[in-house]
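Commentary on secondary and tertiary structure
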Amino acid sequence: MATFPPIITFLLPLEPDLAPDLLNAVAILSPFLVGVLWAPHMRIASGLAGVALALIGSARVGITVLLEVN
């Protein structure tokens, strides 16, 4: 289930150069949304949790780009 949103970007009829960029955007946006939805259950600020998880997603994307995995 966790890998399904990024895979969708490769199933869409997009230009080959655009798909990895869209994949990176989904890899950052997905953790943000999870943080916003998860935060009320943990009694923390939604924005704070969303940004914290988005930063983790950004770090993952940064490592992927640095290692030229795309």
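Quantities reported herein were computed from a predicted structural model and do not represent experimental measurements. (Residues numbered from 1 in each chain as written. Predicted model: local features only at pLDDT ≥ 70, side-chain atom pairs only at ≥ 80, totals over all residues. Heavy atoms only, no water.)

On a plain count of helices and strands, the protein comes out with 3 helices and 0 strands. In the protein, the order of α-helices and β-strands from amino to carboxyl end is α-α-α. Once the C-alpha set of the protein is aligned to its principal axes, its extents read approximately 40 × 25 × 15 Å. Taking all 70 residues of the protein together, the buried fraction comes to 21%. Carbon together with sulfur atoms contributes 75% to the accessible area of the protein, which is approximately 5,200 Å² in total. (Helix = DSSP H or I, 4+ residues; strand = E, 2+ residues; numbered from the N terminus. Buried < 20%, exposed > 50% of the residue type's maximum accessible area, 1.4 Å probe, protein only. Areas by Shrake-Rupley, 256 points an atom, 1.4 Å probe, with all protein chains shown as cover.)

Mean pLDDT over the protein stands at 84; residues scoring 70 or higher make up 93%. Between the elements of the protein, mean pLDDT differs from a low of 74, seen in helix H1 (residues 4-11), to a high of 90, seen in helix H3 (residues 46-66). (pLDDT = per-residue confidence, 0-100.)

Further remarks concern the packing of H1 against helix H2 (residues 18-42). Between H1 and H2, the shortest axis-to-axis distance is 9 Å and the interhelical angle comes to 160°. Comparing the axis directions of H1 and H2 gives the class roughly antiparallel. Handedness of the H1/H2 crossing: right-handed. Side by side, H1 and H2 meet where Pro-5, Pro-6, Thr-9 and Phe-10 of the first sit next to Ala-19, Leu-22, Leu-23, Val-26 and Ser-30 of the second. Residues belonging to the contact of H1 with H2 are distributed by class as follows: 7 nonpolar, 2 polar and no charged. (Axes fitted to C-alpha atoms, helices over the stretch in contact; angles between N-to-C directions. Parallel < 35°, antiparallel > 145°, perpendicular 65-115°, else oblique. Left-handed = near helix turned anticlockwise from the far one by under 90°. Contact = heavy atoms within 4.5 Å. Nonpolar A, V, L, I, M, F, W, Y, C, P; charged D, E, K, R; others polar.)

The next point concerns H3. Taking 1.5 Å of rise per residue, the 21 residues of H3 would be expected to cover 30 Å, and the 30 Å separating its terminal C-alpha atoms lies within 8% of that figure. Within the span of H3, buried status applies to Ala-49, Gly-50, Ala-54, Gly-57 and Val-61. Seen from one end, H3 has its buried residues packed into an arc of 125°, which puts them on one side. In H3, the exposed positions that point more than 90 degrees away from the buried face belong to Leu-48, Leu-55, Ile-63 and Leu-66. Buried residues belonging to H3 abut H2. Among the residues trailing H3, Glu-68 stands out with phi positive, at a value near 50°. (Expected span 1.5 Å × (residues − 1). Arc of directions from axis to C-beta.)

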